[in-house]
Amino acid sequence: MVGRAVCGYCQSEGDLVFAYDHQSLDISCSDRVRQTLQKDKPDAVINCAAWTDVDGCELDKERAFAANSRGPENLANASREMNAALVTISTDYVFDGEKQGFYTQRDQPNPKSVYGVAKLEGERRAQLAYARTIVVRTGFVFGPGGSNFLSTIMERAGRGEKLKAIRDAFGTPSYAPDLARRLRELAQLDLPGTFHVVNAGDGASYEEFARAALDLAGYASTSVESVAMDSLNRPAPRPQNSRLKCLLSEAVGLAPLPFWKDSLSSFAALDSQREVVAKN
C-alpha cells in the first residue's frame, strides 16, 4: 500500500523509480540487495518493505527478524556502498502504550510484541550500519490497495456484515498518499535522524476511526460492536496508546500533514468512486 503510494507520487514528480516487490527483491538477502542497488544506482532508497502481520510475527520470530531487522540493515549497508540516502519505515509499536498523550522522539521505546522488537532492532541496525539513515515511525496507515484495518472494515461493510471495533486502543491515522509525500521530502532533505510521520489531529480509537470512515463512505447504518482490546485474545500484545507527534518536522521546515479526517474523506471518496465503476 505505502510502496504503491510512494511509487505513484515520486513518478508524478518526475523521478525515475525502480520498484521492487518481494519476489523481485527479498530484502532479507544481503547479496540480492547489494547486487540490485549496484545495478540500478539509486540516489535515494525508500524502504516500504516489512512483515506487518503482528500476530504472525509473534508466532514466527525468525521470519519477523529477517524482514524487519536484517532487511533494513542490508539496505543500509548497500546504500552506504552506493552513497544513497536511505529512508526506512518503522512503527508506533516500538512503544509500550502506557504513556498518556503523544509519543515523541524523546520517549524511550519499549516494544511489547515480537513485531515491535524486530522493527526497533531494524531501526538500530540500519542507523549503526549507515549514519545517513532516516527512520520514519508511523501507524494506523490507511489508503488504496493493500490490506489494512480500514480496507477490511469497508469491504465487510459493503457485504453487510456486522463489525467489531476496539474502543480503548488509540493511535494517529496516517494516509498513505500523505505519508508518501513526506517520505520523498525527507529523502530530499537528507537529514539523518528519527521522524514521526502521521496526519494532524489528536488521533482516534479504532472505533472512532472506523465509525468516521463508515459514515463518510455511506455506511453509517452498519452495525458496529464496541469491544475492549483485551477481549479479542490475540497472540501478540498491542500498545493501548500509540499516538505519535514529531519534534523535528517543523524545525526543518516541514508543514504538518493534513488533518486525518480530511484525508479520510479523500479516501472515502476514492472508495465510493471505485464502487460506482465496479457496478457500472
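What you are looking at is a predicted structure, and each value in this text was computed from that prediction instead of being measured.

(A) The arrangement of the nonpolar core in detail. Membership of the largest hydrophobic core comes to 38 residues, with the highest contact counts inside it found for Phe 142, Leu 150, Met 154, Phe 209, Leu 214 and Leu 264. Secondary-structure elements contributing two or more residues to this core are α3 (54–59), α4 (61–82), α5 (114–129), α6 (149–158), β5 (163–166), α8 (206–216), β11 (224–227) and α9 (260–279). The element contributing the most residues to this core is α8, with 6 residues. Setting aside its immediate chain neighbours within four residues, Leu 214 contacts Ile 153, Met 154, Ala 157, Leu 163, Tyr 219, Ala 220, Thr 222 and Val 224.

(B) Here's a closer look at the confidence of the model for the protein chain. The predicted model of the protein chain averages 94 in pLDDT, with 96% of residues at 70 or higher. Confidence drops under a pLDDT of 50 for residues 276–280, and excluding neighbours within four residues, the segment shows 0 contacts in the predicted structure.

(C) Structural view of unusual backbone geometry. Of note, the phi angle at Asn 83 is positive, near 55°, even though the residue is not glycine. Structurally, the position occupied by Asn 83 is in the loop between α4 and β2 (85–91). The phi dihedral of Phe 140 is positive, around 50°, even though this residue is not glycine. The buried category is assigned to Phe 140, whose relative accessible area is 11%.

(D) Up close: the packing of aromatic side chains. Evaluation of the coordinates by the stated rule reveals 12 aromatic pairs. With centroids separated by 5.0 Å and ring planes inclined at 80°, the aromatic side chains of Phe 149 and Tyr 206 adopt a geometry described as edge-to-face. Taken as a pair, Phe 149 in helix α6 and Tyr 206 in helix α8 lie far apart in primary sequence, 57 residues in all. An angle of 70° between the planes, with centres 5.9 Å apart, marks the rings of Phe 209 and Trp 260 as edge-to-face.

(E) Geometry of helix α1 (residues 2–12). Within α1, burial applies to Val 2, Ala 5, Val 6, Cys 7 and Cys 10. Contacts from the buried residues of α1 go to β1 (44–47), β2, β4 (141–142) and α7 (176–189).

(F) Just the sheet that holds strand β8 (residues 193–196), in detail. Ordered in space as β1-β2-β3-β8, the 4 strands form an open sheet in which the pairing is parallel. Looking at which strands have only one partner, the edges of the open sheet turn out to be β1 and β8. Ignoring strand direction, the axes of neighbouring strands in this sheet form an average angle of 20°. Lying on the sheet, α5 is in contact with β2, β3 (133–138) and β8; it crosses β3 at an angle near 160°. Packing of α7 onto the sheet brings it into contact with β1, β2, β3 and β8, and relative to β3 it is tilted by some 160°.

(G) Spotlight on the environment of Leu 189. Within the secondary structure layout, Leu 189 lies in helix α7. The spatial distance from the C-alpha of Leu 189 to the C-alpha of Asn 110 is 29 Å, given a sequence separation of 79 residues. When neighbours within four sequence positions are excluded, Leu 189 is seen to be in contact with Val 252 and Leu 254.

(H) Here's a closer look at the pairing of β8. Of the two faces of β8, the one carrying Gly 193 and Phe 195 and the one carrying Thr 194 and His 196 are both buried. With 4 bridges joining them, β3 and β8 adopt parallel strand pairing. Among the inter-strand pairings, Val 135 is bridged to a residue of β8, identified as Thr 194.

(I) Quick look at the pattern of salt bridges. A full pass over the atoms with the stated rule returns 16 salt bridges. We note a salt bridge from Asp 107 to Lys 99, for which the minimum N-O separation is 2.7 Å.

Quick notes on the rules
Residues numbered from 1 in each chain as written. Predicted model: local features only at pLDDT ≥ 70, side-chain atom pairs only at ≥ 80, totals over all residues. Heavy atoms only, no water. Core = buried A, V, L, I, M, F, W, Y, C linked by side-chain atoms within 4.5 Å. Buried < 20%, exposed > 50% of the residue type's maximum accessible area, 1.4 Å probe, protein only. Helix = DSSP H or I, 4+ residues; strand = E, 2+ residues; numbered from the N terminus. Contact = heavy atoms within 4.5 Å. pLDDT = per-residue confidence, 0-100. Phe/Tyr/Trp six-rings, centres within 6.5 Å; stacked < 30°, edge-to-face > 60°. Pairing = 2+ DSSP bridges. Axes fitted to C-alpha atoms, helices over the stretch in contact; angles between N-to-C directions. Salt bridge = Lys/Arg side-chain N within 4 Å of Asp/Glu carboxyl O.

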